[in-house]
Each structure stands twice: as C-alpha cells, then as structure tokens.
Amino acid sequence: IIICLRRKSKSSKMYHLWHMCIVSGAMGVFLGCILDRIYYGFWAIPFLGSFHFNVLLGNGSLYGTHPWFWYIVAGLPAIAGILTPLFIYQCFSCFREERKSGTLDNPLCILLIIILIYIGFHSISAHKEFRFILPILSLVSILVGYTLASFYTRKPSCPSSRRQRFAFLVSMLVVLNYPHLLYLCIVHQRAPIQVNKTISILLDEIERRGDNPMTVHYLMGCHSTPLYSHLHIPGRHKDKVPIEGWHLNCSPKCRSDPHSQCESERFTTDPIGFVEDAYRHNEVGYCSSSEDENCEMYNSGASLIHREVPDVLVIFEEDLNRSNSEDLKDLLVSIGLKKSKSIRHTIKAISIVKKEVDAVDGDEELVVRIPGVGIGVKFQFEHMVIFTPLDHSLH
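The rules behind these values
Residues numbered from 1 in each chain as written. Predicted model: local features only at pLDDT ≥ 70, side-chain atom pairs only at ≥ 80, totals over all residues. Heavy atoms only, no water. Helix = DSSP H or I, 4+ residues; strand = E, 2+ residues; numbered from the N terminus. Core = buried A, V, L, I, M, F, W, Y, C linked by side-chain atoms within 4.5 Å. Buried < 20%, exposed > 50% of the residue type's maximum accessible area, 1.4 Å probe, protein only. Contact = heavy atoms within 4.5 Å. 1 Å grid on protein atoms, 1.4 Å probe; cavity = no way out; pocket = protein on both sides within 12 Å on 5 of 7 lines; lining within 4 Å. Points joined across faces, edges and corners; volume = space filled by probe spheres on them. Nonpolar A, V, L, I, M, F, W, Y, C, P; charged D, E, K, R; others polar. Salt bridge = Lys/Arg side-chain N within 4 Å of Asp/Glu carboxyl O. pLDDT = per-residue confidence, 0-100. Expected span 1.5 Å × (residues − 1). Pairing = 2+ DSSP bridges.

Q: Can you walk me through unusual backbone geometry in this structure?
A: Note: most peptide bonds trans; most residues except glycine with negative phi. Here the phi dihedral of Gln189 falls at roughly 50 degrees; this positive angle occurs in a residue that is not glycine. Inspection of the secondary structure puts Gln189 in the loop between helix 8 (159-187) and helix 9 (191-205).

Here you go:
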C-alpha cells in the first residue's frame, strides 16, 4: 500500500492499489480458503481466527509478555545477527538523505518505513516472538546489501581493490555466521527431533499388542516436542502402525482458568505426585488434555481418567535430577519402566579444567583438550531421557 501511494497521479495510485493490493490479496485469500476447506474439512480463515484469539481476546499474553520496545532492542537484532550494525548505519543514512531532500523518494527509505511500521504494529501485542518479525528479514537484507554494495564499489575501484573487498566481505559473513549457525543446527536443542527418530526405530522393533496403538507419553513442558510431524514408523511393517501420543496440557483455556491447574504446571511443581496421580492413584487435581478445554471434570470433582503405562515415556533429565530424583526414578521403575537412552539436548555448562581432570561420563560431559597448554574446555550437556518397558531396550 505504501509503495502504491507513492505514485504521483491519483489514477496511477488507484490502478496500482487495485491490481497490486486488492486483486492479488483477494486471490491469495481465496486460494488459501480453498486449501483450508480441503484439509480442515470446513470453511475457515485461520489468520482471522489467530487475530481474534491473540489480539482481540488478548490470549497471546498467556504464553508470555514483553515490553513494547522488545522487538527493537532484542527481536530485530536477534534475527538480523551480524547485519544489525549495517542496518543501523543504513537507517541513519536514510534519515540524513531525507533531511537533505525533504522528500521520501528514495526506495531504501520506503523499505525502512515499511519495516518500522511492521515492527510498530507487532509491538502493540504483549506477546512477542522472534518468528513474528521474520518476514521483514528479507527487507533488512536488501538495505544491508545496498550498504555492502556501496563499500564494494567505492573508489578506488580497480580490480585488485574490488577483489580484496569482496574477499573481506565474504570472509566476514562466513566467519561471523557459520560457527553459531552450525551450533544452532547441530548441537543446540537437538533432542526433540532426535528423540522422535529414536522412538520411531524402537516402535518399529516392539511387537504390537493386537490392534492397540503404540503409546508415547511426553512428560515435558509446553511445545517441547514436534510430536506427529516427526514421529513416524520407518516402514518395516506392511500395515500402518497407529501411534497415540500424549503430552502435558497447557491449553489457553486451561491457563486462563484461575480455578484449575494445567498438567504442565502440576508436573513442574510436583513431578512425583503427577506421575502417581496419572498412572497409579487416579486422583483429580489438574486439568487434563483428555478432558474438555474448560476443565469441567476438575470443577465438578470427577475422577481423572487412569492412564496405562506407555510403550515409551520421555522426560527431561532436569526433572529426574531434582532433590527427590531417586524417588521419581524408582517410581517409574515400579510402574514397569526403565531408563533406556539419554539424548543430548543442549549445553548446560562450560568450564575450564586442568589436564589431569577427565570427563566422568562421555555422554554426560565432553572435554576438549587444548594442545600445549595443559588445560581443556569441559562441556556439560542437558539430556532428554527415554524410558521403555522393562522387557525392551534401545541399542
């Protein structure tokens, strides 16, 4: 819309508004509605539902809030990374040029205004996430690209000088981007996907009990696992293997109900009591995902549905290593489960150790020796732990 309104004549503005915004936008919404109708099975406009739920009803704040300036001081620098200083430089360049000319004819300034308006509208909502402003990363890259191009083509512009500048820019981008890119892709919080791959292999090996689905329970916080999107049986069986996954409930209605306690909150505050209630005592005391979203069973005092011991149970190592960790481990063993495998999730701590100090456990810790110095760097990892029935194990 901003680009269309930059047209000089009124007829040109209306023409571009109609073709670039109204027609193209209507076609996108129409095609989206058709696809949603096919896959949902009913007519729906998801982005309007999201706007109504998160903005109009304000339920987005149930999942955390940040101050209005968070996108400026944290969100944008995080997604832009090393491009942030160059982006700030280009912002000041646009402001200087606008003050000199007194107009906004520079396309780069228009892009900057679009970015600022986008951030401004998203800053109104109390709930903020990095992914919400990812669409403007391409515009930020355009502005930064112009700055890099100016550096590359400035005088002296002889071939040797340009080659040196090009090599410097490429080296800077690679050195400053790829180390943490590799860390975030390979090491940091890798367990959720790796756990599901491991579970898929395990479930393919376990003999099914009749036609009953294979059960997987995740005793972890909200959004800790991608679940069905990455939980698939590789295909040794000709028939499809049904999987019944269950995770702790933390639905918006449960969180907004002051008279109930979500499963995720109950487990965080009392893991042992939660496991006893879920698999043994059949006691009520929290809002379950198997109940309706208004927690009517809790409010009416009905008994919680008893859960059978699953084929696979996943839990964070942190929850096992609390003060009463042995009690929780013994409780899981008493219901017929045993620890089968630990999968590295993320780095918990980094410390410097002397040469004579060795790692206690190769899976729990990793010591990287520095040659000729006599010291090493010790990495301690957080894990996700997989429990399986006593007569099965992971290899």
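Q: Which parts of the structure should I look at to understand the nonpolar core?
A: Generally speaking, a soluble globular protein has its nonpolar side chains buried in company with each other. By size, the foremost hydrophobic cluster in this structure holds 23 residues, and its most contacted members are Leu76, Phe87, Ile115, Val140 and Leu143. When contributions to this core are tallied by element, the ones reaching two or more residues are helix 4 (70-80), helix 5 (84-101), helix 6 (107-124) and helix 7 (137-153). Sorting elements by how many residues they give to this core places helix 6 first, with 6 residues. Residues within four places of Leu143 in sequence aside, it is in contact with Phe87, Gln90, Leu108, Leu111, Leu112 and Ile115.

Q: Sorry if this is basic, but what is going on with the layout of surface pockets here?
A: Remark: the empty space left among the atoms is shown by a probe the size of a water molecule rolled over them. What the largest pocket holds in volume is close to 480 Å³. Breaking the lining of the largest pocket down by element, the ones donating at least two residues are helix 3 (46-56) and helix 6. When grouped by side-chain class, the residues that make up the lining of the largest pocket number 9 nonpolar, 7 polar and 2 charged.

Q: Explanation requested: the pattern of salt bridges in the structure shown.
A: Where charged atoms from two side chains of opposite charge come close, those side chains can pair. Overall, the coordinates contain 2 salt bridges when judged by the stated rule. Linking Glu129 and Arg131 is a salt bridge whose minimum nitrogen-to-oxygen distance equals 2.5 Å. Close ionic contact of Asp277 with Arg266 constitutes a salt bridge, the shortest N to O distance being 2.6 Å. In this pair, Asp277 sits in helix 12 (residues 271-281) while Arg266 sits in helix 11 (residues 263-269), placing the two residues 11 residues apart along the sequence. Like Asp277, the residue Arg266 is buried in the burial classification.

Q: Help me understand the confidence of the model for the chain in this model?
A: Interpretation of the predicted coordinates at a detailed level should be avoided for regions scoring low in pLDDT. Considering every residue of the chain, the mean pLDDT works out to 79; 81% of them sit at 70 or more. Per-element averaging of pLDDT across the chain places helix 13 (residues 296-300) at the bottom with 39 and helix 4 at the top with 92. The model gives residues 282-304 a pLDDT under 50, and that stretch makes 61 contacts with residues more than four places away or in other chains.

Q: Sorry if this is basic, but what is going on with the environment of Thr215 here?
A: With respect to the helices and strands, Thr215 occurs in strand 1 (residues 214-219). Exposure remark for Thr215: the relative accessible area of 13% places this residue in the buried category. Expressed as a C-alpha distance, the spacing of Thr215 and Glu244, which sit 29 residues apart in the sequence, is 4.8 Å. With residues near it in sequence (within four places) discarded, Thr215 still touches Glu244, Val309, Pro310, Asp311 and Val312.

Q: How should I be thinking about helix 6 in this particular structure?
A: Each α-helix winds once per 3.6 residues, and so residues spaced three or four apart point in a common direction. Under the 1.5 Å per step criterion, the end-to-end length of helix 6 is 26 Å for 18 residues, consistent within 8% with the ideal 26 Å. Those residues of helix 6 that fall on the buried side of the exposure criterion are Leu108, Cys109, Ile110, Leu111, Leu112, Ile115, Ile119 and Ser123.

Q: Can you help me understand the pairing of strand 3 (residues 312-316) in this one?
A: Residues in a regular strand project their side chains so that they alternate between the two faces of the sheet. Of all 5 residues in strand 3, 5 are buried; the element is thus mostly enclosed. Both faces of strand 3 are covered, namely the face carrying Val312, Val314 and Phe316 and the face carrying Leu313 and Ile315. Pairing of strand 1 with strand 3, which is carried by 4 bridges, proceeds in the parallel orientation. Each bridged residue has a counterpart across the sheet, and for Val216 the counterpart in strand 3 is Val312. Taken together, the 4 bridges between strand 3 and strand 6 (residues 375-389) define a ladder with antiparallel strand orientation. Its bridge partner being in strand 6, Leu313 is matched across the sheet by Phe387.

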